[in-house]
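Notes for the structure review
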Amino acid sequence: NGGGNGSANGGANGGANGSANGGGNGSASGSANGGGNGSANGSANGGANGGVEHRVALAAVAPTPLRVTAAEARLDAGDPAGAAEAARAAASPITDLRGTAGYRREMVGVLAARAAAALHEAVR
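Summarised in this report is the structure supplied together with it. None of these values were measured; they are calculated from a predicted model.

1. Quick word on helix α2 (residues 80-90)
Within α2, burial applies to Gly-82, Ala-83, Ala-84, Ala-86, Ala-87 and Arg-88. Each element contacted by the buried residues of α2 is listed here: β4 (52-59), α1 (69-76) and α3 (101-123).

2. Description of the packing of α1 against α2
The description of two helices packed together rests on the angle between their axes and the distance between the axes. Two elements in contact, α1 and α2, have axes whose closest approach is 7 Å; the angle formed by their N-to-C orientations is 175°. Our classification of the angle between α1 and α2 gives roughly antiparallel. For the pair formed by α1 and α2, the contact residues are Ala-70, Ala-71, Arg-74 and Leu-75 on the first element and Pro-80, Gly-82, Ala-83, Ala-86 and Ala-87 on the second. Of the residues that constitute the contact of α1 with α2, the class distribution is seven nonpolar, one polar and one charged.

3. Focus: the pattern of salt bridges
Summed over all chains, the structure comprises seven salt bridges. Arg-55 is the salt-bridge partner of Glu-72, the closest N and O atoms lying 3.7 Å from each other. Taken as a pair, Glu-72 in helix α1 and Arg-55 in strand β4 lie far apart in primary sequence, 17 residues in all. Take Glu-72: its relative accessible area is 4%, and that puts it in the buried class. Overall, Arg-55 belongs to the partly exposed group, its relative accessible area being 30%.

4. A look at the pairing of β4
Relative to strand β5 (residues 66-67), β4 is paired through two bridges, and the arrangement is antiparallel. Bridged to Ala-57 within β5 is Arg-67. Hairpin remark: β4 followed by β5, antiparallel, with six residues in the connecting loop; positive phi at Ala-60, about 70°.

5. Examining the nonpolar core
Where a protein is soluble and globular, its nonpolar side chains tend to be buried together. One finds Leu-58, Ala-71 and Val-108 to be the most contacted residues of the largest nonpolar core, which totals 14 residues. Those elements giving two or more residues to this core turn out to be β4, α1, α2 and α3. The greatest single-element share of this core, amounting to four residues, is contributed by α2. When neighbours within four sequence positions are excluded, Val-108 is seen to be in contact with Leu-58, Val-61, Ala-87, Arg-88 and Ala-91.

The rules behind the values
Residues numbered from 1 in each chain as written. Predicted model: local features only at pLDDT ≥ 70, side-chain atom pairs only at ≥ 80, totals over all residues. Heavy atoms only, no water. Buried < 20%, exposed > 50% of the residue type's maximum accessible area, 1.4 Å probe, protein only. Helix = DSSP H or I, 4+ residues; strand = E, 2+ residues; numbered from the N terminus. Contact = heavy atoms within 4.5 Å. Axes fitted to C-alpha atoms, helices over the stretch in contact; angles between N-to-C directions. Parallel < 35°, antiparallel > 145°, perpendicular 65-115°, else oblique. Nonpolar A, V, L, I, M, F, W, Y, C, P; charged D, E, K, R; others polar. Salt bridge = Lys/Arg side-chain N within 4 Å of Asp/Glu carboxyl O. Pairing = 2+ DSSP bridges. Core = buried A, V, L, I, M, F, W, Y, C linked by side-chain atoms within 4.5 Å.

In short, the description is geometric, and any link to function would need to be established separately.
Listed below in structure tokens is the structure:
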């Protein structure tokens, strides 16, 4: 049926990118990618009835990449602010030469919120 594209790009220490492409029954995908200080990825896939299931994954802010099901549930419930907070809480970054753990944790929340906003805007 129709499709649409949209994106938002962040700045030097991390960016957020989101896009949505409409499919036969409706589907969307979006992601937020941070720079050297961590990243958050999210996507939404249209189901058979046009429903949406969100996926949120974090990289470079924990010992291994991790999926944040609490943030996914908040997005499914239409609560992007709650999803950003859940992603922030799930992060367990370290402090190193590129940034402090607190800064990285804060950026997870910011990038997750930007990705959710870009995805929401793209699928409207």
